[in-house]
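Residue strings, one per chain:
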Amino acid sequence: MVTEQFAFYKLEEVKNINELGKVVMANLILMFGSKEFICNRGIFDIIKNKYPNAHIIGCTTAGEIYKDQVNDYSLTVTAIHFEKSELKFFTSEIEDMGKDYEKGLEIAKSIPTENLSHVFIITEGENINGSKIVEGLVDGLPEHAKITGGLSGNGNTFKETFVIANDYAKQNQIAAVAFYGDKIRIGYGSVGGWDTFGIERFITKSKENIVYELDGHPILDLYNDYLGEYAKDLPASGLLFPLNVRSADNVYNYVRAVAGVDKKSKSLRFFGEVPQGYYARLMHANSNNLIHGAMKAAENTIKSINSKNGKIAILISCVARKVVLNQMIDEEIEAVRNIFGNDVTITGFYSYGEIAPSNKDRITEFHNQTMTITLIGED
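Caption draft 1: Geometry of the overall build of the chain. When helices and strands are counted, the chain shows 9 helices and 26 strands. The globule rule puts the C-alpha radius of gyration for 379 residues at 21 Å, and the 20 Å found for the chain is close to it. The principal-axis extent of the C-alpha atoms belonging to the chain is close to 60 × 45 × 40 Å. Across the 379 residues that make up the chain, the buried fraction comes to 58%. Within the chain, contacts between residues at least 6 apart in sequence are counted, and of these 81% link residues at least 24 apart. Here the chain has roughly 15300 Å² of accessible surface; of this, 45% comes from carbon and sulfur atoms. Distance from the positive charge centre (39 side chains) to the negative charge centre (49 side chains) of the chain: 1 Å.

So, in structure tokens, the structure goes:
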């Protein structure tokens, strides 16, 4: 397995990749960047011409991860040549909003399962219920085939996002890479690091990813009371105050980030499912805990890979972490680097949602506010 990596900060720089690249037989290209890069057809053509035999997957982001740093308004290109494993590529467009479970199941059923090891997926980031997509994928794939990936982003605007799936970038698109064979080794980890505060409340009224009432009170009124001066900036300020959600039996426990506000119904839309009958508690950030969470995610990834040959780590971290950490943002990438060492290529992006099992023995779940890592190698 061989990798090479480039970062570009101006559109015209991309043409120089013909002079830089050596892994011309790459069979997978990862492209993460701002809209001006990802949606530029000329840039896609340059990359495709450079690596004609490769599958290309990528998306717009809320920040690009390149080596040990986080960039904005840039493009990160990572070329990978798998020597001992087979890759298959799948793509689908979201045509019927609200049928996210069915779409996840449809994609899963299109993926051949013989010798299937793992699926990496990037989806539309704004117009989907991420937890329903993941639920469909999990139900349609064999239990041993775990899924990692994330939702595309677009800064902290929560507007249109774009996905590259072997063609020019499009909205409302999903791309998946399936890995096959007994030589591929993939580890994963997903950890948050947020602190809960205030009282735990019962979710008395919700529908899929829209919450109307906690303890019989409109959720927007509660957020306005808790957030104070931050309330006027919802939904963006909601990134700083996610919701910890748990089932009564404690089997499910996850974090959900605010995606939208409906002042008329006094409801909040979240990036994933928030079931009625569960319990919820507000959360806030502690920078040191977030950085420690990134380190813990890397440690869990190492434990799960069952190999010393991890070569490339794809980091997908929530946009909320970037907002909170601000000028300290590079520190969570450095925390991961300290665990992996210098021989692992690091790439990735800041997202509107993350997909992974939280550790080796869990099913695949949809997350918000986490650092999620996919570590790939071959034996």
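Caption draft 2: Summary view of the packing of aromatic side chains. What the rule picks out here adds up to 9 aromatic pairs. For the pair F197 and Y226, a centre-to-centre distance of 5.7 Å together with 80° between the ring planes defines the contact as edge-to-face. Of the two residues, F197 is situated in the loop between strand 13 (195-196) and strand 14 (201-207) and Y226 in helix 6 (residues 219-227); the sequence distance between them amounts to 29 residues. Note on Y226: relative accessible area 34%, which makes it partly exposed. Site record: aromatic cluster; members linked through ring pairs are F197, Y226, Y230 and F241. K88 extends its terminal NZ or CZ atom over the ring of Y180, reaching a point 4.8 Å from the ring centre. Positioned over the ring face of Y212 is K205, at 5.1 Å from the centre of the ring.

Caption draft 3: Fine view of empty space enclosed by the protein. Per the stated rule, a full pass over the model turns up 1 cavity of 30 Å³ or more. Within this model, the largest cavity holds a volume of roughly 70 Å³. Around the largest cavity, the lining residues are F197, G198, I199, R201, L214, L222, Y223, Y226, L243, A280, R281 and L282. If you list the elements that add at least two residues to the lining of the largest cavity, you get helix 6 and strand 21 (279-284). For the lining of the largest cavity, the class distribution of residues is 9 nonpolar, 1 polar and 2 charged.

Caption draft 4: Inspection of helix 7 (residues 287-305) at higher detail. Along its 19 residues, helix 7 runs 28 Å from first to last C-alpha, staying within 8% of the 27 Å computed at 1.5 Å per residue. Among all positions of helix 7, only L290, I291, G293, A294, A297, A298, N300, T301, S304 and I305 are buried. Turning to helix 7, the residues buried within the fold contact strand 12 (184-191), strand 22 (310-318), helix 8 (319-325), helix 9 (330-340) and strand 26 (371-378). Capping the start of helix 7 is the job of one residue whose side-chain oxygen sits 3.0 Å from the backbone nitrogen of N288: N286. The positive-phi residue at the C-terminal boundary of helix 7 is N306, with phi of around 60°.

Caption draft 5: Structural context of unusual backbone geometry. Residue P235 follows L234 across a cis peptide bond; omega there is 10°. The backbone of N306 sits at a positive phi, close to 60°, despite the residue not being glycine. Tracing the backbone through its elements, the reader meets N306 in the loop between helix 7 and strand 22.

Caption draft 6: How the structure looks around the environment of V344. Secondary-structure assignment places V344 in the loop between helix 9 and strand 23 (345-351). When the C-alpha atoms of V344 and L240 are compared, they prove to be 31 Å apart, with 104 residues separating the residues in sequence. Ignoring anything within four residues of it in the chain, the contact list for V344 reads G310, K311, I312, A313, R337 and L375.

Caption draft 7: Spotlight on the nonpolar core. In terms of nonpolar packing, the biggest core is built from 58 residues, with I111, L315, V336 and I373 touching the most fellow members. With 6 residues, the single largest contributor to this core is helix 7. Among all residues touching I373, those that are not within four sequence positions of it are G187, Y188, G189, A294, A297, A298, T301, A313, I314, L315, V336 and F340. Counting residues in each nonpolar core, the second largest holds 24 residues, with C59, F120, F179 and I316 among its members.

Caption draft 8: Region of the structure containing the environment of S307. Turning to its location among the elements, S307 is positioned in the loop between helix 7 and strand 22. A distance of 2.9 Å separates the side chain of S307 from the backbone nitrogen of N309, its partner in a polar contact. In this structure the side chain of S307 is engaged in a polar contact, spanning 2.7 Å, whose partner is the side chain of D379.

The rules behind these values
- Residues numbered from 1 in each chain as written.
- Predicted model: local features only at pLDDT ≥ 70, side-chain atom pairs only at ≥ 80, totals over all residues.
- Heavy atoms only, no water.
- Helix = DSSP H or I, 4+ residues; strand = E, 2+ residues; numbered from the N terminus.
- Rg over C-alpha atoms; globule rule 2.2 N^0.38 Å.
- Buried < 20%, exposed > 50% of the residue type's maximum accessible area, 1.4 Å probe, protein only.
- Contact = heavy atoms within 4.5 Å.
- Areas by Shrake-Rupley, 256 points an atom, 1.4 Å probe, with all protein chains shown as cover.
- Lys, Arg positive; Asp, Glu negative; His and termini not counted.
- Charge placed at Lys NZ, Arg CZ, Asp CG, Glu CD.
- Phe/Tyr/Trp six-rings, centres within 6.5 Å; stacked < 30°, edge-to-face > 60°.
- Lys NZ or Arg CZ within 6 Å of the ring centre and 35° of its normal.
- 1 Å grid on protein atoms, 1.4 Å probe; cavity = no way out; pocket = protein on both sides within 12 Å on 5 of 7 lines; lining within 4 Å.
- Points joined across faces, edges and corners; volume = space filled by probe spheres on them.
- Nonpolar A, V, L, I, M, F, W, Y, C, P; charged D, E, K, R; others polar.
- Expected span 1.5 Å × (residues − 1).
- Polar contact = N/O pair within 3.5 Å; in protein donor to acceptor, adjacent residues only side chain to side chain.
- Core = buried A, V, L, I, M, F, W, Y, C linked by side-chain atoms within 4.5 Å.

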